[in-house]
Structures are given as C-alpha cells and as structure tokens.
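The chain contents come next:
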Amino acid sequence: MATRPATAEGRETLSMLDPAGAAGREALALALGQALGAPVAIRDVVALSGGANSATWRVDAETESPEGPASRRFIFQRSANALGLPRRVQAEVMRRAAGLGVPVPPVIAVPAPETGLGDSVITGFVEGEALAPRWLRDDRYAAAREALALQCGTALARLHGAPRSHWDGLPLASGSGSELLSNLFATYRRIGVDVPAFDLAFAWLRPRMPDRSPTCLVHGDFRSGNILVGPDGLTAVLDWELPHHSVPEEDLGWLCVQAWRFGAWQKPVGGFAAREALLSAYRAAGGTVEADSLWTWEVFGNLKWGMSCLQLADDHVSGRVPSVERAAIGRRVSEVAADLVHAIARGDL
Amino acid sequence: MSHPSARQLLEAVQLFLKEAEAALPQRLGFHAKVAGNVLAIVARELEADPDSAEQAALSAFGGAAGACAGLREGSLSPADPALLAALTRAAVARLDVDNPRYPTLARLKEQP
C-alpha cells in the first residue's frame, strides 16, 4: 500500500511506501537482505523524527549470521522532497568521510527507486543522544562536554584535510565566501522585508568575506543539533545533506552560532566550549585557521540562521505553508537581530 | 467593565492551550505550546508598540527603511557609533516583545 508519508507540513511528496506498513517492511527486509547477503526479518519500525525535508525511522531487525540469528538496529532516513542532494550522493560523501576517520554512521544500503522506499538511505544504528539540550544540560554528559571540543575539532580537521580529489565524481556545489554572501543577500531582497540589523551585518561582512576559491569540502551543517553524543562524547556526525566545497571556517563558524548554544551563551562553541579550545584542537589535528576569520564566519553563520528564520516565516506569511510553528519562527528574527548588533557593536557574542 | 478585555481574552485562550497541550498527541501538543508562546507575544505587543519604538530609535537615520537603505547603498557605515547605538535600542525594543528572556537582551541593556 503506497501512502503519503507523514511530512511536517503536508508539502507535496511522491507516493512512497510507509516504512512502518507491511509493504514498507517487506521492502526494507529485501534491501537489507541484499546489502548484508543474508535473510533479514523486520521486527519493528519506529518513527523517530519528521521534518520538512527529511524523516527518520529506527528499524529493529533480525539477521542470519554464521553464529545464528542476531538482533540488529538500523536507521532508515529519507527525503520528503526533491529539493536536497540525492541520498546516493550523501551516502557516498559519508563513506568517503568515514575513510578519513570522521565518525559517521556506517552506510548499509541506498535503496533503489524500484523498491518504493523513496530517496532514502539505511545506516547502522549508532548509540548516542541526538537532543542537544539534553546532552548540554544533563550531568551524565559532563565528561562528554569536556571532550567534545577536541573531538569536533579533530573530526573537522580530518574532513577539511582531504584533497579535493577525494571528492571526485560527486556533484557538489562550490563557492567563495563572498559568493555565499551575495546569494544570501539576493534571498533577503527577494523576501523584500527590511531588518536593519541584517543590513548592518551584510554591510559589515561585505568587505570581510573572502574571495578565495574553496579549499576543502565542508559538512555544511555541523552544529550541536546534528551530532550524536554518548557519555564519552562524540559518537557520530549526522545530517550530511548540505556538503559543499568551501573554506574550513564555514563549518567552524557555523558551530559557534548562538542558536546552537541553547542558552549556554558563555560557551560559544555549540554551548559546550570556548572558541580557543576548538581552534587549538583543530590546529593540533593539522588544520589551519585564524581566529579573525573564524569570527567573520561566525557572524555570517548568525546572519544565515536569521535568514532561515525569515524564509520559514515567509512560508507562512506568503501562504505557501500555513503553520503556527513557522509564523512563530518569524519572531525569532528579533533574537538574531540582537545577536548581530551585539556582535558588530561590541565585537563579541 | 462587564466584558473581558482583549488581554483577558488572550489569557483565556492561553489557559485553554495549556490544557489542550497536555491532552494532545506529541506533534499537536508541541504546536499548542508554540501557539501559547505566540499569544504571549501578542499580549506583550498590545502593551508595547515595537514598530513605533523601532522607528523612534532609528528616526535620525530615516527610520528602519532609511537605515536599511543607507547601509545597502553605503551612505551609512556599519562602524558608525551613533547608528550602532540606535540599532541597539531598536533591537532591544523588538526583543522586549518577542522574547524578553533571551540572554542577549540583558547583555545589550548593559552599558558597553
């Protein structure tokens, strides 16, 4: 039975199998069986999260192994629309990142279109807490928070350290900092509203954003909400939906954006560390970065988050996606405006 | 007064949403919570007038539209101390309504 998946806002989607339904389970068992080379029985499929662009399920299965039947958990994730990078490309980036020593969930299979499973990927299940407010506040993760700056700095240095040829054959976007800024400004003018603090940030960033060509692949959305954290720290880097060719500071600055600190503003790196801790970990792992240029990209990151708030609000205001959640996000623009004014007027955030 | 004020009507709906939030399934419950937060913004906006406050803060620069245009055209500098002070007042006025508990608000209210 083909059903419409439960996407956040009822955006039009292709007809795809419900992975928790009988036909969906059968398709999952088939895809997993092919990938593992052994029969697989699906025991349970549990919806974990559904966003506007992507939805995630946990798949509990039983597989045959030489030692007898074994229980295994997987993650099934699929795109809710055709706006993003195809999962097959994301999976290949993850495989190649894993080869560099970046902790990523192991890619098990990319189901073919004829499975009816949609644009999706099956990965191994990695233990860890995905909810940042939980691992940022809970005492059980105190040691993890101590370890995270080193672990994130190291993971990013490994990713950024790969030569461009490591990503050959993958259709990934590429652009300089100043190009990213002009694209963001074009979006701002398309929406057509006036936010004085945003224009302040655009004017401040224009002479500062670098023209230099991309030097490496960046994750593109490396933040405290997109990593899995266990009692000892980082267990996996998730959400490889936005990788592109850029400069290292884009990832490092994005990790410092106020919104991912979840209130712990005294710890600029994701709410868990000082900038210096991230920079020294990054350099110790072979990366090169200057504090000045990190700051420029941090301001850019805050503006980019503010622009996301504006765009989500515009979905509601324009009538494209009527939603109380998106309308409310529109008022978060004031938070980002205050952050940008503080950053530029006082030189810190 | 014999009939509830706009403020009292809002409070009544806020109470109702609180009740509904607990009874609704996860996703709808979350939206009820968001809706409650939205009404809190509306209630604060009935008291304050952030649009006028922003215009007043930026009056020397032609209001919000004037400041934006000046920064876009380059006739205003992002390093201008008077502009930065005015933008700080404007940001504070908006955040007082939109999220008075946001940490950066208290930091902006401190003297630099």
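Residues numbered from 1 in each chain as written. Chains lettered and ligands numbered in written order. Predicted model: local features only at pLDDT ≥ 70, side-chain atom pairs only at ≥ 80, totals over all residues.

Novice: Requested: an account of the overall build of chain A, with residues and values cited.
Specialist: In terms of helices and strands, chain A carries eleven helices and eleven strands. Whereas a compact globule of 349 residues would reach a radius of gyration of roughly 20 Å, chain A reaches 21 Å, a difference of no more than 12%. Taking all 349 residues of chain A together, the buried fraction comes to 46%. Counted over contacts in chain A with a minimum sequence separation of 6, partners at least 24 positions apart contribute 68%. (Helix = DSSP H or I, 4+ residues; strand = E, 2+ residues; numbered from the N terminus. Rg over C-alpha atoms; globule rule 2.2 N^0.38 Å. Buried ≥ 20, exposed ≤ 12 C-beta atoms within 10 Å, placed from the backbone. Contact = placed C-beta atoms within 7 Å.)

Novice: Would you mind going over the domain arrangement of chain A in detail, with residue names and values included?
Specialist: Residues and elements named next belong to chain A. Taken domain by domain, chain A holds domain 1 (2-124) and domain 2 (132-346). Between the C-alpha centres of domain 1 and domain 2 there is a distance of 27 Å. The element contributing the most residues to the side of domain 1 that touches domain 2 is helix α2 (residues 87-99), with seven residues. For the side of domain 1 that touches domain 2, the per-class residue count stands at ten nonpolar, four polar and four charged. (Domains from an automatic or database assignment. Nonpolar A, V, L, I, M, F, W, Y, C, P; charged D, E, K, R; others polar.)

Novice: Give me the lowdown on the interface of chain A and chain B, citing residues and values where you can.
Specialist: Contact residues are listed per partner, giving 24 residues for chain A and 30 residues for chain B. Of all the elements in the fold, those that place two or more residues in the side of chain A that touches chain B are α6 (196-205), α10 (324-330) and α11 (333-346) of chain A. Element by element, the count of residues in the side of chain A that touches chain B is highest for α11(A), at ten residues. The residue inventory of the side of chain A that touches chain B, partitioned by class, reads 14 nonpolar, three polar and seven charged.

Novice: Requested: an account of the sheet that holds strand β4 (residues 54-65) of chain A, with residues and values cited.
Specialist: Residues and elements named next belong to chain A. The strand order across the open sheet formed by five strands is β3-β4-β5-β7-β6, and the pairing between neighbours is antiparallel. The open sheet has two edge strands with one neighbour each: β3 (40-50) and β6 (107-109). With direction set aside, neighbouring strand axes in the sheet form an average angle of 30°. Taken together, the two bridges between β6 and strand β7 (residues 120-124) define a ladder with antiparallel strand orientation. Its bridge partner lying in β7, Ala109 is registered against Ile122. Along the sheet, α2 makes contact with β5 (68-79), β6 and β7, crossing β7 at roughly 30°. (Pairing = 2+ DSSP bridges. Axes fitted to C-alpha atoms, helices over the stretch in contact; angles between N-to-C directions.)

Novice: Break down the nonpolar core for me, citing the residues and quoting the values.
Specialist: Counting residues in hydrophobic clusters, the biggest one holds 117 residues, and the most contacted among them are Ala197(A), Leu200(A), Ala201(A), Ala337(A), Leu340(A), Val341(A) and Ala91(B). If you tally residues by element for this core, the top one is helix α9 (residues 291-317) of chain A, at eleven residues. Residues in contact with Val341(A), not counting those within four places in the same chain, are Ala197(A), Leu200(A), Leu87(B), Thr88(B), Ala91(B) and Leu108(B). (Core = buried A, V, L, I, M, F, W, Y, C linked by C-beta atoms within 7 Å.)

Novice: Would you mind going over helix α4 (residues 142-161) of chain A in detail, with residue names and values included?
Specialist: Residue and element names in this part refer to chain A. With 20 residues, α4 extends 29 Å between its outermost C-alpha atoms, agreeing within 8% with the 28 Å of an ideal straight helix rising 1.5 Å per residue. Along α4, the sharpest change in direction is near 40° and occurs at Leu148. Every buried residue of α4 is accounted for by Ala144, Arg145, Leu148, Ala149, Cys152, Gly153, Thr154, Ala155, Leu156, Ala157, Leu159 and His160. (Expected span 1.5 Å × (residues − 1). Bend = angle between axes of the 7 residues up to and from the residue.)

Novice: An account of helix α4 (residues 63-73) of chain B is requested, with residue identities and associated values reported.
Specialist: Two residues of an α-helix separated by three or four positions point the same way, owing to the 3.6 residues in each turn. Taken as a whole, α4(B) has its buried residues at Ala64(B), Ala67(B), Cys68(B), Gly70(B) and Leu71(B). Looking straight down α4(B), one finds its buried side chains confined to an arc of 165°; they lie on one side. In this fold, the buried residues of α4(B) make contact with α6 of chain A together with α3 (50-57) and α5 (81-98) of chain B. Gly74(B) lies just past α4(B) and shows a positive phi near 95°. (Arc of directions from axis to C-beta.)

Novice: Can you explain the confidence of the model for chain A? Please cite residues and give values.
Specialist: A residue-level look at chain A finds 96% of positions with pLDDT of 70 or above and a mean pLDDT of 93. Within the model, pLDDT remains below 50 along residues 1-14 of chain A, and this stretch shows 33 contacts once partners closer than five positions in the same chain are excluded. (pLDDT = per-residue confidence, 0-100.)

Novice: So what's going on with the environment of Pro171(A)? Residues and values would help.
Specialist: Residue and element names in this part refer to chain A. Inspection of the secondary structure puts Pro171 in the loop between α4 and α5 (177-191). A count of 7 C-beta atoms within 10 Å places Pro171 in the exposed class. Residues Pro171 and Arg96, spaced 75 residues apart in sequence, show a C-alpha to C-alpha distance of 14 Å.

Novice: A description of the packing of helix α1 (residues 6-23) of chain B against helix α2 (residues 26-47) of chain B should follow, citing residues and the corresponding values.
Specialist: All names here are of chain B. It is the contact of α1 with α2, at a shortest axis distance of 9 Å, that shows an interaxial angle of 165°. Comparing their axes, α2 and α1 come out roughly antiparallel. The two elements α1 and α2 cross, and the hand of that crossing is left-handed. Of the residues in α2, those in contact with Ala6, Arg7, Leu10, Val13, Gln14, Leu17, Lys18, Ala20 and Glu21 of α1 are Gly29, Ala32, Lys33, Ala35, Gly36, Leu39, Val42, Ala43 and Leu46. Partitioning the contact of α1 with α2 into residue classes produces eleven nonpolar, three polar and four charged. (Parallel < 35°, antiparallel > 145°, perpendicular 65-115°, else oblique. Left-handed = near helix turned anticlockwise from the far one by under 90°.)

Novice: Break down unusual backbone geometry for me, citing the residues and quoting the values.
Specialist: Residue and element names in this part refer to chain A. Residues other than glycine seldom take positive phi values, yet Asp239 does so here, at roughly 55°. Asp239 gets classed as partly exposed once you count the C-beta atoms within 10 Å, which come to 19. The phi dihedral of Phe262 is positive, around 50°, even though this residue is not glycine.

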